[in-house]
Amino acid sequence: MKERSFHLELSEKHYSPEKVEQAVYDMWLRADCFTADVSSQKPPYSIVIPPPNVTGRLHMGHALNNTLQDVLCRYKRMCGFDVLWVPGTDHAGISTQSVVKKHLDAEGIDYRSLGREQVIERIWKWKEKYGDQILLQLRRLGASCDWTRTRFTMDDGLSRAVRTLFKRFYDEDLIYRGKYIVNWCPVDRTALSDDEVETKDGGEPGHLWHFRYPFSDGSGYVEIATTRPETMFGDTAIAVNPKDERFQALVGRSVTLPLVGREIPIIADDYVDPEFGTGCVKITPAHDPNDFQLGLRHNLLQVNVMNEDATMNDEVPEEFRGLDRYVARKRVVAAMEKQGLLVQIEDRNIPVGRSYRSKAVIEYRLSDQWFVRMRPLAERALEASQAGKVTFYPERWDSFYQSWLGKIRDWCISRQIWWGHRIPAWYHVDTGEILVDVETPERVSAEPEKWVQDEDVLDTWFSSALWPYSTLGWPEETPELKRYYPTSVLVTAKDIIFFWVARMVMTGLYNLNEVPFHKVLINSIITDEDGETMSKSKGNGIDPLHVIDGATREDLEGPVREARPTNMETILKRVSERFPDGFSGVGADAMRYTLLTSATDAQQVGVSFKRFDEVGRPLTNKLWNASKLALSMLEDSDGVSPAEPELSDRWILARLDLCTRRVRDAFDTYGIHHAADGLYHFFWDDICDWYLEIAKLRRKTGTEAEKARIALTLSEVFLGYLRLLHPIMPFITEELWGRFFDCASQKNLFSFAKELKDHPLCIRAPFPEDQRRHEEISLEEFELFQDIVRSVRNMRAKANVSFKTALSLQLLTGNPEVEGQIRSMKDLLCQMLNLSACDFVQSRPEGNAVTVLPKVEVFANLFDFIDVEAERKRTEGSLQKLEKQIAGLEQKLANQQFVSGAPKSVVDAEREKLQMALETREKLRDALGELKSLN
RNA sequence: GGGCGUUUAGCUCAGUUGGUAGAGCGCCAGCCUUACAAGCUGGAUGUCAGAGGUUCAAGUCCUCUAACGCCCACCA
């Protein structure tokens, strides 16, 4: 398929991404650029996207994460791989259910009254309508996913995969059901795994209440301390440390639980810390995980005193029933005080667990849950990791991951919600027999009234754990599974290494005997410019679409107003000061470049609108303008056979090869910011500042053959550079590629690269190879030219003589080879520096401004304009610096240990340096002498 | 309590196997030089957090210390 439409006119002075990006992406889709070919002869390369929540909106973390994947995919595609990047979304159980619940609330409908079936139906409708939003947003980034293979964790195939694994686990006793104390979110009314609970460092302000519990025989009291008085109704023992001499006599006696009247024993257990509180602990097995374990050891009663919503249940005395846990807490304290059983209240920070989702303080609750036995699975994962089968980039995450695997605990996988994969277990209503199967068992279908299916659904991460192969068709043995599993690399964030990465490795090994990926690239966390993580509640998030498309001031203020942070007014003021007229969009290319160049190995990276504006935007604009110039030069070339390459041509092509090498190396080792950095400097410093400047001069005065030579070089440089840059900036490079390619074809400027085929760049242009031209030519020769140019510019600036005044230059070098080299650049020097003369001399001429370069002394007739005193000071300064260097070098070379200990090459290099420094010193002394003689 | 990260120019950060420090922004000076003023040219700027060690040689490797940040664990 061929397309020849360009989207931005060459007369445009500035690059306008909005006129290009959308159109280019549509072109890619029409040309079917991103669809993998399972029957291809090319080697496969595959990545599965970390599936965003269906409820999600694109944020900066996604932008970085997906840009990295896109860079790798585009790079590999250009390198000749059959690339499959699987996109998709996660059903995100609790999140999605609560989004839809909110909609229902708004309609005044209680979701419970609708019932399970209807709620699920509503959620599916919502999903069909809004669930693709985030995938559409990914296209704006340029993501080259294979959209024909978009998956959703609750698709039929993926759901079947989930049930299949559940059954396998169950049959092999890796899944079990048990009464257990779990983290319970009273808002979402569901169990949470340990990983879903977050605890603030240092705890939160609370109290430690000291109570007296009277001995049953009326002989006195035991004093206990608790942070949670409302749980005392569930106390079934008092525990002391067996070694604690104070209390040894108490063990075996009993106390009467106040307010309740139950008699409970005093027992001894090592768990109790004699130093803390009073040394006596009330034990509440149904409401504390430690107490639960202790209760099992001592066969204690488990008394649950709360309902699902953390109100007090009927186990408690009547006056407390139905009260919220915090109301109950106050009443309990008051009641204890009234009975004279309250001793004191200590203020103290206490650890408080909160749901990572609802932020509600979690409750510990005793209930029937399903668990995965993690140890055997983790052991295999750990072995694979230690054998180097899974390695992280940066590698520090290896040990982080391994240490977690080492201390893993069983995983509670049941969730008491409706949206998700329903647990494929059926219970017989009379016998309690349990059937687990992939599809509804026949015995259940035969006697439906005798069986009930488990009401719970699986933790969302259970289905995510299968993602790298369920998306490829597992448990069916599809061609895709065979070809693309294991995937090539996983790109994700460090905060889901446990939730997701580890579990994928475990189930992958279990189901397919092979890790799902050998490499895991952990990308940095994006923060705002103050280093704060971006979040809705802080209102400091930057919407990637605002960066791409631009935003009005109101758009920018929106998230802040919504979050209502305490310093809202300050932030709003800052917004209106910085962006009185809003933010003008920089396009996806500029955003991608900014993110990639910022995202180094550091754990976090700060971004801001300003940064996108200052880092990415200028580069796209410069690329646009340089391309315009280059294209006009290609147009100018007139079919004559080109002149032989001169120094500047050989130099820029050598630099292109060096850049190619660096970029390939960076992509291959996931050091993508190095690639971004190298591409920036090659383009700006080498192409724009030197080659194009030279080409402009040559165009003015050069012959037709010389112009043709420049066009040829430019054609190669740009057609190479655009390909190198494409993985990072796909849109603008695609747009320009078409223009350069067409132009080069017309002008027959392809002698260097027969392999270039056509548009679109993203699938038809191979990634450049390093042709090692840097090994064939001496880069130093051109650097000498650059040094001379800079030195003259510098002298001009010092003398405050404008470019318009022509200068006469005299050069002194004792080296005939150097003189020859400079002669060949002479006319270029004259043009570039506006010289009326450029001659060689045999001895230093008096009365000139001078710059001492290592290979040559440059004299310019600027003496009359020079501030002699300032020049003298400057020369003295450099001389001093040089003296210091010489002293250092001499000392080093006098050191016998250095001369014999260091490699010869290093010693020789130091000798050469010293030699050069000594020569330069002489020249500087001469120059200084002349300056001084004037005073 | 355990683990990890960071500390380099005014700011944000590079610095790839040890060989005397770099970029962008900002700042100062001069330029509308026919691709780009969203630009060009030139300039100033550092006890590489501190202390010790290994080495001929340390921003880089080792030990300790400090400040900041993150993660895990939790004594009721």
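The rules we used
Residues numbered from 1 in each chain as written. Chains lettered and ligands numbered in written order. Predicted model: local features only at pLDDT ≥ 70, side-chain atom pairs only at ≥ 80, totals over all residues. Heavy atoms only, no water. Near = heavy atom within 4 Å. Polar contact = N/O pair within 3.5 Å; in protein donor to acceptor, adjacent residues only side chain to side chain. Nonpolar A, V, L, I, M, F, W, Y, C, P; charged D, E, K, R; others polar. Buried < 20%, exposed > 50% of the residue type's maximum accessible area, 1.4 Å probe, protein only. Helix = DSSP H or I, 4+ residues; strand = E, 2+ residues; numbered from the N terminus. Arc of directions from axis to C-beta. Contact = heavy atoms within 4.5 Å. Pairing = 2+ DSSP bridges. Axes fitted to C-alpha atoms, helices over the stretch in contact; angles between N-to-C directions. Phe/Tyr/Trp six-rings, centres within 6.5 Å; stacked < 30°, edge-to-face > 60°. Lys NZ or Arg CZ within 6 Å of the ring centre and 35° of its normal. Core = buried A, V, L, I, M, F, W, Y, C linked by side-chain atoms within 4.5 Å. Salt bridge = Lys/Arg side-chain N within 4 Å of Asp/Glu carboxyl O. pLDDT = per-residue confidence, 0-100. Expected span 1.5 Å × (residues − 1). Parallel < 35°, antiparallel > 145°, perpendicular 65-115°, else oblique.

Enquirer: In this structure, what is going on with the protein's contact with RNA strand B? I would like to understand it.
Expert: In the vicinity of RNA strand B there are 54 residues, among which F276, T600, N625, W684 and F898 approach most closely. For RNA strand B, the fraction of protein-proximal atoms (within 4 Å) that sit in sugar or phosphate groups is 56%. The contact in question runs from a sugar or linking oxygen of RNA strand B to an N or O atom on the side chain of N794, over 3.0 Å. Looking at the surface near RNA strand B, its residues break down into 19 nonpolar, 16 polar and 19 charged.

Enquirer: I keep staring at helix α11 (residues 396-406) and nothing clicks. Help me out?
Expert: The periodicity of an α-helix, 3.6 residues per turn, causes residues three or four positions apart to be oriented the same way. Residues of α11 that are buried: W397, D398, Y401, W404 and L405. When α11 is viewed along its axis, its buried side chains cluster within an angular range of 140 degrees and face the same direction. Structurally, α11 contributes buried residues whose contacts are with α10 (374-386), β17 (391-393), α16 (497-512) and β25 (519-523).

Enquirer: Honestly, the environment of P214 in this entry has me stumped. Any pointers?
Expert: Within the secondary structure, P214 sits in strand β8 (residues 204-214). The exposure class of P214 is partly exposed, given its relative accessible area of 22%. In sequence terms P214 and L165 are 49 residues apart; their C-alpha atoms lie 53 Å from each other. Leaving out residues up to four positions away in the same chain, P214 has contacts with G220, Y221, V255, T256 and P258.

Enquirer: For this particular structure, what's the right way to read the sheet that holds strand β24 (residues 490-493)?
Expert: Strand pairing in a sheet is mediated by backbone hydrogen bonds. Such pairs are either parallel or antiparallel. If you walk across this open sheet you meet the three strands as β17-β25-β24, and the pairing is parallel. In this open sheet, the two strands that pair with only one neighbour each are β17 and β24. Strand after strand, the sheet turns through a mean of 30 degrees between neighbouring axes, direction not considered. With four bridges joining them, β24 and β25 adopt parallel strand pairing.

Enquirer: Help me understand the packing of aromatic side chains, please; the structure alone is not making it clear to me.
Expert: The geometry of an aromatic ring pair comes down to the distance between the two centres and the angle between the two planes. Within the structure shown, the criterion is met by 45 aromatic pairs. Seen from their ring centres, F400 and F498 are 5.0 Å apart, and the 25 degrees between their planes marks the pair as stacked. Taken together, the residues F400 in helix α11 and F498 in helix α16 connect sequence positions 98 residues apart. Here F400 falls in the partly exposed class, since its relative accessible area comes to 31%. A ring pair is formed by W651 and F782, whose centres lie 4.0 Å apart and whose planes are at 20 degrees; its orientation type is stacked. With W651 in helix α22 (residues 647-668) and F782 in helix α27 (residues 779-799), this pair connects stretches of sequence that are 131 residues apart. Both residues of the pair, W651 and F782, belong to the buried class. Of the aromatic side chains, those joined through ring pairs into one cluster are F166, F169, Y170, W370, W411, F462 and Y510. We note R365 situated over the ring of W184; from NZ or CZ to the ring centre the distance is 5.0 Å.

Enquirer: Please explain the nonpolar core as it appears in this structure.
Expert: Within soluble globular proteins, side chains that are nonpolar generally end up buried alongside one another. Grouped together as the largest cluster of nonpolar side chains are 213 residues, with contacts concentrated most on F462, M506, I728 and F785. Looking at this core element by element, the count peaks at 14 residues for helix α23 (residues 672-701). Sequence-distant contacts of I728, defined by excluding residues within four places in its chain, comprise V71, R592, Y593, L596, F667, A675, A676 and L679. Among the nonpolar cores identified, the runner-up in size contains 32 residues, and Y213, V240, M306 and M336 belong to it.

Enquirer: Looking at this structure, I do not really get the side chain of T597. What am I missing?
Expert: One can find T597 in helix α20 (residues 587-598). In this view, T597 contacts V615, H673 and A676; residues no more than four positions away in its chain are not counted.

Enquirer: Before we go on, may I ask you to explain the pattern of salt bridges in this structure?
Expert: Pairing is possible between side chains of opposite charge, provided their charged atoms come close. Taken as a whole and assessed by the stated rule, the structure comprises 65 salt bridges. In this structure, the salt-bridge partner of D908 is K904, at a minimum N-O distance of 2.9 Å. With a gap of four residues between them, D908 and K904 both fall in helix α32 (residues 904-933), about one helical turn apart. Its relative accessible area of 31% is what places D908 among the partly exposed residues. Relative accessible area serves as the criterion here: at 61%, K904 is assigned to the exposed category. One salt-bridge network, in which partners are shared between bridges, spans R228, E230, R325, R329 and E363.

Enquirer: For this particular structure, what's the right way to read the confidence of the model for chain A?
Expert: Within chain A, residue pLDDT values average 89, and 99% of them lie at 70 or more. In the predicted complex, the global pTM is 0.89; the interface-specific ipTM is 0.94.

Enquirer: Quick question: what am I supposed to make of the sheet that holds strand β31 (residues 835-841) here?
Expert: Sheet architecture is open: four strands sit in the order β31-β30-β33-β32, paired in mixed fashion. Looking along the sheet, the strands with just one partner apiece sit at the ends: β31 and β32 (849-852). Ignoring strand direction, the axes of neighbouring strands in this sheet form an average angle of 20 degrees. In the sheet, β32 pairs with strand β33 (residues 857-860) via four bridges, with the strands oriented antiparallel. Bridge pairing in β33 links A849 to A860.

Enquirer: Which parts of the structure should I look at to understand α27?
Expert: Between its first and last C-alpha atoms α27 spans 30 Å; for 21 residues at 1.5 Å apiece the expected length is 30 Å, and the two agree. Of the residues one or two after α27, N800 is the one with positive phi, at around 60 degrees.

Enquirer: How should I be thinking about the side chain of E930 in this particular structure?
Expert: Structurally, E930 is set in helix α32. Beyond its immediate stretch of four places on either side in the chain, E930 contacts R844, P845, E846, G847, N848 and F863.

Enquirer: How should unusual backbone geometry be read in this particular structure?
Expert: Excluding glycine, most residues fall at negative phi; most peptide bonds, likewise, are trans. In this structure, P394 follows Y393 across a cis peptide bond, with omega equal to -5 degrees. Mapped onto the elements, P394 comes out in the loop between β17 and α11. With omega at 0 degrees, the peptide bond leading from Y485 into P486 counts as cis. On the secondary structure map, P486 appears in the loop between α15 (479-484) and β24. Located in the positive-phi region is A92, a residue other than glycine, with phi close to 50 degrees. Turning to its location among the elements, A92 is positioned in the loop between β3 (88-89) and α3 (93-106).

Enquirer: Sorry if this is basic, but what is going on with the packing of helix α21 (residues 609-636) against helix α25 (residues 730-746) here?
Expert: Two packed helices can be described by the angle between their axes and the distance between those axes. Between α21 and α25, the shortest axis-to-axis distance is 10 Å and the interhelical angle comes to 5 degrees. Between α21 and α25, the interaxial angle falls into the category roughly parallel. Contacts between α21 and α25 involve T620, L623, W624, S627, A630, L631, L634 and E635 from the first element and I732, L736, R739, F740, C743 and A744 from the second. Residues belonging to the contact of α21 with α25 are distributed by class as follows: 10 nonpolar, two polar and two charged.

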